[in-house]
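# Structure at a glance
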Amino acid sequence: MTTLTVLTILRLILLTGLIMGLGGAALADYTIFSQGVIRPVSDYTITQTRLLSHIVSIGLCILWVSGFALIMVKLQLQPDFMQNPKVWAKIVVVVMLTINGILVHRYILPLVIRGRGCRLFDGVTPRQIAGLTFLGSVSLVSWSLPFVLGKASGLNFVTPMSSILAAYVAFVLVVWLVLFSFMSCIRSIQQLAAKQSAELDISSKSWNEQIAALREGAVIDTRREPGMVRDLLHLRH
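Everything numeric here is computed off the predicted structure, so don't read it as measured data.

### So, the pattern of salt bridges
- According to the stated counting rule, one finds one salt bridge in the structure shown.
- A salt bridge links Asp43 to Arg116; its shortest N-O distance comes to 2.8 Å. Taken together, the positions of Asp43 in helix α2 (residues 43-77) and Arg116 in the loop between α3 (85-114) and α4 (126-151) put the pair 73 residues apart, joining distant regions of the chain.
- Its relative accessible area of 47% is what places Arg116 among the partly exposed residues.

### Digging into the packing of aromatic side chains
- Using the criterion set out here, one finds two aromatic pairs in the structure.
- A centroid spacing of 5.9 Å and a plane angle of 35° characterise the contact between Phe33 and Phe182, whose relative ring orientation is tilted. Taken as a pair, Phe33 in helix α1 (residues 3-37) and Phe182 in helix α5 (residues 161-215) lie far apart in primary sequence, 149 residues in all.
- Residues Phe134 and Trp176 carry aromatic rings whose centres are separated by 5.1 Å and whose planes lie at 75° to one another, so their mutual orientation is edge-to-face. Of this pair, Phe134 sits in helix α4 while Trp176 sits in helix α5, and the two are 42 residues apart along the sequence.
- Accessibility expressed as a relative area gives 33% for Phe134, which makes it partly exposed.
- Given the relative accessible area of 27%, Trp176 is considered partly exposed.

### Points about unusual backbone geometry
- The phi dihedral of Phe157 is positive, around 60°, even though this residue is not glycine.
- With respect to the helices, strands and loops of the structure, Phe157 is situated in the loop between α4 and α5.

### A look at the confidence of the model for the protein chain
- Averaged over every residue, the pLDDT of the protein chain is 83; residues scoring 70 or more account for 82%.
- Averaged pLDDT values for the elements of the protein chain fall to 49 in helix α6 (residues 226-236) and rise to 92 in α2.

### Looking at the packing of α2 against α3
- At a closest axis distance of 11 Å, the pairing of α2 and α3 adopts a crossing angle of 165°. With respect to α3, the axis of α2 lies roughly antiparallel. For α2 against α3, the interelement crossing comes out left-handed. Residues Thr45, Ile46, Thr49, Arg50, Ser53, Ser57, Leu60, Leu63, Trp64 and Ile71 of α2 form the contact with α3, whose own contacting residues are Ile91, Val94, Val95, Leu97, Thr98, His105, Leu109, Val112 and Ile113.

### Quick notes on the environment of Ala25
- Examined against the element boundaries, Ala25 turns out to sit in helix α1.
- Distance from Ala25 to Ser139, taken between C-alpha atoms, is 7.2 Å for residues 114 residues apart in sequence.
- The residues touching Ala25, leaving out its near neighbours within four places in the chain, are Val56, Ser139 and Trp143.

Scoring rules and cut-offs
- Residues numbered from 1 in each chain as written.
- Predicted model: local features only at pLDDT ≥ 70, side-chain atom pairs only at ≥ 80, totals over all residues.
- Heavy atoms only, no water.
- Salt bridge = Lys/Arg side-chain N within 4 Å of Asp/Glu carboxyl O.
- Helix = DSSP H or I, 4+ residues; strand = E, 2+ residues; numbered from the N terminus.
- Buried < 20%, exposed > 50% of the residue type's maximum accessible area, 1.4 Å probe, protein only.
- Phe/Tyr/Trp six-rings, centres within 6.5 Å; stacked < 30°, edge-to-face > 60°.
- pLDDT = per-residue confidence, 0-100.
- Axes fitted to C-alpha atoms, helices over the stretch in contact; angles between N-to-C directions.
- Parallel < 35°, antiparallel > 145°, perpendicular 65-115°, else oblique.
- Left-handed = near helix turned anticlockwise from the far one by under 90°.
- Contact = heavy atoms within 4.5 Å.

Take a look at the structure:
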């Protein structure tokens, strides 16, 4: 087997890991959003999120192993390969993916499991929403960036690692700002809807109490709710 064949196989394996990671992370985010934020967390949400998190973890492991093997083969063909700043930028991004994955397993998955039967944003503070959306932003940008860097051959040995990482941080912050603003709006809408629902429940309860009191012959103050009294008298007859 020639070296070029080995390189091709390793690149395909690495690409498989990237697809598993990016696809799994995107589907997990969609599942949590649609079945945990918009709707209450169900058993399906928990099962699906766990499955997708395992797929992402496998993709990350494939990324580390194939990436390390690819570097070893490349060094045999190109001794100065590790002097390419883009390679080190990729390594930093993969390290960030690893740290982010650990934090997701430690904080987000337990939050989803504990939230069974409730929406994730019920009782969640803006600070917690900021943390959740930040982890999501790092995941989205970090899994997407290797695809971009892989195609950007013009950056090889030219663009400093600091410039690539500065662009990476900027993208993370922009995505984080958008996600945080969007999720905060959803949380505000849900809180407003819950408040209005509670007020309707109180009004309905008061209405039922008034009907029950009228049927029992109680005296109702007509000066407070004249319209309600007319409706109640109509119901009584």
